[in-house]
Every structure is written in C-alpha cells, then in structure tokens.
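Each chain is listed here by its residues.
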Amino acid sequence: MNLFITFGRILKNGLNNFLRNITLAVAAIAVMAITLTTILILIITNASLNNTIGQINNKIDISVYLKDSITPAQTTTLLTQLRDMHEVKSVKYISKNQALALYEDENAGNKTIQSATEALGINPIPATINITPVTPSQLSQIKQFLNEPDTVALQAANSSYSGALQTAIDKIAKTTRLLKEAGFISIIIFGTTSVLIIFNTIRMTIFNRRDEIQTMRLLGAGTWFIKGPYVVENIIYGLISATISLTFVEIMFTTVSNNLQASTFGLLSISYSEYYFKHNFVSLLFIIVGLGIIIGAGSAFIATRRYLKYKTRK
Amino acid sequence: MIVLDRVTKTYSDKSIALKKVSLRIDPKEFVIIIGKSGAGKTTLLRLLTREERQTSGKIVVGGIDYDKLKDRNIPMLRRRIGVVFQDFKLLPNRTVYENVAFALEMVGKTNAQIKKTVPRVLSIVDLKGKEKSMPSQLSGGERQRVAIARAIARQPKILIADEPTGNLDPKNAWDIIKVLEKINKYGTTVVLTTHNQEIVNKIRRRVVTLKDGQIVGDHAKSEYKHT
C-alpha cells in the first residue's frame, strides 16, 4: 500500500470529519479553548507571582557588623567563606567610611544625629557585610555559620537577622514559600483538571461516533486508517482552541489591563504579566499550541482504542 | 470454500448460540440460512467475519484457519469477505460515492482505480445518479443497495448478507435479492440469512435450517419445500 496515498487520505478524511461534524466541533473547541486559556492564565499568573516573590526576596538580607580591630586579611577570608556558601546569592562589603557616608545620607535631615557624630570625633559606624541569601528560608543556615565561635569573634554586634526582625523575616520567608508552593500546586491541579476535561469532551464526541468506528473495523479498515482521521480532527480542534486562547489573552491585556490590576488587590503586577506574555509569546505559543495538539491527538488516540478492540475471547 | 467443523459458540452468560455445527459451502454457491430469531443465524455469520470467536470447533474460510488467525490479520480477512448488514451500517457523514470508495481507499487503491470502480458497482446495484446523496437522503432499499455496492467494490470471493431484507418492504426486499443473485452469477459465493419464507421459496437455492443452535436441515435448491 502506498503510504503517501494512505497518509493523504487520513488528512483528507480528518478535515472532512471536522467540516461535517461542525456542531460537535464547535462544542469541543469551546471547551478546549476555555481550558487552554485557564492553563495560559495560570502560567502567566504563576510567573507574575514568582516575580513579586523574587522582588520581596531580593530585599531580604543580613547585615554583619565587623569589629574595628579585624585585619584586612581576616575580612577577606570571611568574605571568601561567605561567597563559597551555596545558600548565599551575593555578598557586599561596606567599609567603615562607606557605612558612615551611607548613615549620614540616610539621616541627612536629622540635625541631632549629624551633630552627635561630629561631636564624637571618630567614626562610630562599623564596617558591614550585606549578605543576600538565595532564598529567605536559607537565612537560618547563614546565621548558623555566623554564630560559629570563630566568626562571632569578628563581629561587633549581633547581625541584623536577630530578634524581632528575624521573626518578621522568617514570616515573610514562610509566606513567600507557601505562595510559591500554592502556585505550583494550582498549576498541577488546574492543569490535570483541564487535561481531564478536554479528554472527556473528546471522548464524548468519539462516543457519539462509535458505530462509525466499529463499522469501519467490520469492513476491514486498519487501525491507523480508522484512528488517523480522528487524531487529525482533534489536532485541528487543538490548533483552533490554542489560537482562540492566545488571542483572548492578548485582547484581555490590551483592553482591560487597568481593571485587572485593581482586581488583584496589588498582589500581582499586571504590567509584569503583560510584559511576561509579550516577552515570552513564542514560548507560550509553543506551550499552548503544543498542549492543544498533544491533548487533542492523545485523547483521540486513547478514546478510539476501546472501539477498535477485537473480541478474541473464546 | 467455507468450512465449519463441529463449531460451538457459548457466550459468557453460559447461553449456547451454536452447538457442534458442521457446514461446508463451496465456491460460487448461493446458500440461504434460515431459522427463527435466536436460532443462531447471526452468530454463525459473526463467527465467519470474526466479530466473535468460536468456543470450540474449527473454521476455515478461503484457506484461512481461524484458530491460527492473529488479531493483526483480521482486517486482511475482512477485506476478502464482503458483508451486508440488516441495519446497513453506512458511514452517515459520507456521500454514497464516498461510502463505496471507503472500501477501496482503505486497501490503498489509487484515485484512478476508485473513479473507475465506484460508478461501475453503483450501476450494478442500480444507483447511478445518487453518488452525491447522503445516506439520510435515501430510502431503506437504496441504503441497502449502497451497502451491497460497498461490499462488492473489492470483488470479494465471499459475500455475507445478514438479514439484508429485514428492514425493507417486499418490493425493495425482492430487488435486493435480485442484486445478490446477479453478484452470485459473477462468481461470488453468497451466504444469506433470512426469515422471509417467500424469498426462500421463490429463489430456490440451497437452504440450511438452524434451530436452537443446531443444523436441522440442509436441502439442495430443488429439494427444499416449506409447508
């Protein structure tokens, strides 16, 4: 059998099936478009949430105050040790003079503080190391290192990660971690639900045409000659649904983004979501079109299988 | 040739559809299988098309031993047998032409071969001019003729017709029988099941009578006489 002829016929029959079962097609495409849009919005929301969390995390750091007596070599060793820790994202050293300048800048309007530092005649601000963790939940491991006797001996006072501030940072860290996990879990739950909804919709459309499949089987048609057009038909569903889904999100961002911003209570940055959607459009296009095609074709493949089985039991 | 040797079919609910049925049908024969509802006629045909598998006994059709037939080869077997069903089993979203062409497309015939064959078989069943009609636009008799055209398009050696006149009025039923006789004249073995006594008496062919899953009569065309 000429494979090209067969392949051409599978494509032609798939397209004809699509055009001649337009009512079923519209219903299936509507369900697929809604679920693919849900997945798309979920991906964008999750990216936006991660961006917000990232911004919060970047603001969380530990300041370590060094004794005036420590030597440059000791400072360098400490900085190297900190940079080598895999929990540490970045380390910034601020010398005594820089620290004083910063302090004066921050209190430029406060004359009492200015006159107090002048009256002292010496620089009372210690050299400082600002440590940014990879994630806020890793602060405790960094703190553990800072509490080792050798390191404590180099410090003028407790690090900024202690007392009430430590409690507050820990709470923020826990909340952001929970939000991140919730985002991931919701992608899994909604993604799985969406796949199941699409699968069931396609299963119903194929259930409606089970007699047709069984007739073809009785006439002696091969498995792929029967299955192929259904797979092609559902790939068309997937392609159209993905296009509708991407177009809908694009329109949503261009027309109602201000209203959307208000509806998120400031938790999500819609401008970032829009930026993310436009900046990653090609990747999202591949994901959504790919999902549409894979779920459509896969569902048709699985759903037709039960009607193609032979009764081989004696 | 079709050979059934002591074939028994028992369903999962323990009901026995066929009991040690032995039957031999020679090439080019026209055999009518009669019997009341539940006698086992349809089961017998379903065994021949391998819709069901016999519980015991041996079936050989056209040299193919069904015991040795693997699932993947069932399509090949069915392509060698034309089947006509009581409920027509046409593909509802395809035209008359496409329904007949389907039987040829699935075996990889070229478009040129299909364009030549489909009008020819449609003229055999007297359906010229109905190529573009959808099955829903046809009468019962016309639908059955499309099903016959589809079954003979590949020129099978054997044609199995399961109560093809069951859903038709007497005139259409007789037209279908005439088409089947014409096909038989071309050299195709025809196995027909019916409970229409008038047809059986009129066409005077070999008649096999089934009762409670067993063959209780096998008469040559001149011998059978229903009283």
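Residues numbered from 1 in each chain as written. Chains lettered and ligands numbered in written order. Predicted model: local features only at pLDDT ≥ 70, side-chain atom pairs only at ≥ 80, totals over all residues.

**Student:** Would you mind going over the overall build of chain B with me for this structure?
**Tutor:** Looking only at helices and strands, chain B has seven helices and ten strands in total. Scaling as 2.2 N^0.38, a compact globule of 227 residues should have a C-alpha radius of gyration of about 17 Å, and chain B matches this with 17 Å. Across its three principal directions, the C-alpha atoms of chain B cover 45 × 45 × 35 Å. In chain B, which comprises 227 residues, the proportion classed as buried is 43%. In chain B, 68% of the contacts between residues at least 6 apart in sequence involve partners at least 24 apart. (Helix = DSSP H or I, 4+ residues; strand = E, 2+ residues; numbered from the N terminus. Rg over C-alpha atoms; globule rule 2.2 N^0.38 Å. Buried ≥ 20, exposed ≤ 12 C-beta atoms within 10 Å, placed from the backbone. Contact = placed C-beta atoms within 7 Å.)

**Student:** Sorry if this is basic, but what is going on with the overall build of chain A here?
**Tutor:** What chain A contains, in helices and strands, is twelve helices and three strands. The globule rule puts the C-alpha radius of gyration for 314 residues at 20 Å, and the 31 Å found for chain A is more than 25% above it. Looking at chain A as a whole, 29% of its 314 residues qualify as buried. Long-range pairs, those at least 24 residues apart, make up 88% of the contacts in chain A with a sequence separation of at least 6.

**Student:** Teacher, can you tell me more about unusual backbone geometry here?
**Tutor:** Among all residues except glycine, the phi angle is most often negative; among peptide bonds, the trans geometry is most common. Residue and element names in this part refer to chain B. A positive phi angle, close to 50 degrees, is found at Arg204, a residue other than glycine. The class of Arg204 is partly exposed, set by 15 C-beta atoms lying within 10 Å. Backbone geometry at Asp212 places phi at a positive 50 degrees, although glycine is not the residue there. The topology assignment puts Asp212 in the loop between β9 (206–211) and β10 (214–219).

**Student:** Where do I start with the interface of chain A and chain B in this structure?
**Tutor:** Frequently, the measure chosen for interface size is the accessible area removed from exposure when the parts meet. On the chain B side, the residues contacting the 21 residues of chain A number 21 residues. Listing elements by their share of the side of chain A that touches chain B, those giving two or more residues are α1 (3–20) and α9 (210–219) of chain A. Looking at the side of chain A that touches chain B element by element, the count peaks at five residues for α1 of chain A. Classifying every residue of the side of chain A that touches chain B gives seven nonpolar, eight polar and six charged. (Nonpolar A, V, L, I, M, F, W, Y, C, P; charged D, E, K, R; others polar.)

**Student:** How should I be thinking about the sheet that holds strand β3 (residues 30–34) of chain B in this particular structure?
**Tutor:** Where strands meet in a sheet, backbone hydrogen bonds hold them as pairs that are either parallel or antiparallel. Residues and elements named next belong to chain B. Taken in spatial order, the six strands of this open sheet run β6-β7-β8-β3-β9-β10, and their pairing is mixed. Sheet topology places β6 (81–84) and β10 at the edges, where each strand pairs with a single neighbour. Averaged over neighbouring strand pairs, the angle between their axes works out to 20 degrees when direction is ignored. Relative to strand β8 (residues 189–194), strand β7 (residues 158–162) runs parallel, the two sharing five bridges. By the bridge assignment, Ile158 is partnered in β8 with Thr189. (Pairing = 2+ DSSP bridges. Axes fitted to C-alpha atoms, helices over the stretch in contact; angles between N-to-C directions.)

**Student:** Looking at this structure, how should I read the domain arrangement of chain A?
**Tutor:** The assigned domain composition of chain A is domain 1 (3–56 + 174–305) and domain 2 (62–159). Each of domain 1 of chain A and domain 2 of chain A was reduced to a C-alpha centroid, and the two centroids are 52 Å apart. (Domains from an automatic or database assignment.)

**Student:** What am I meant to see in the nonpolar core here?
**Tutor:** Looking at soluble globular proteins, one finds that nonpolar side chains tend to be buried together. Val100, Ala149, Leu159 and Ile160 of chain B are the most contacted members of the largest nonpolar core, which has 101 residues in total. Once residues lying within four places of it in the same chain are set aside, the contact partners of Val100 of chain B are Val118, Val121, Leu122, Val146, Ala149, Arg150 and Ala153 of chain B. The next biggest cluster of nonpolar side chains, apart from the first, holds 14 residues, and it includes Ala127, Ile131, Leu146 and Ala173 of chain A. (Core = buried A, V, L, I, M, F, W, Y, C linked by C-beta atoms within 7 Å.)

**Student:** I would appreciate a short explanation of the packing of helix α2 (residues 22–58) of chain A against helix α12 (residues 281–305) of chain A in the present structure.
**Tutor:** When two helices pack together, their arrangement is given by the angle between their axes and by how far apart the axes lie. All names here are of chain A. Running from amino to carboxyl end, α2 crosses α12 at an angle of 145 degrees, the nearest separation of the two axes being 11 Å. The chirality of how α2 crosses α12 is right-handed. Here Met32, Leu36, Ile39, Leu40 and Ile43 of α2 come into contact with α12, specifically with Leu284, Ile288, Leu291 and Gly292. Its residues placed into classes, the contact of α2 with α12 shows eight nonpolar, one polar and no charged. (Left-handed = near helix turned anticlockwise from the far one by under 90°.)

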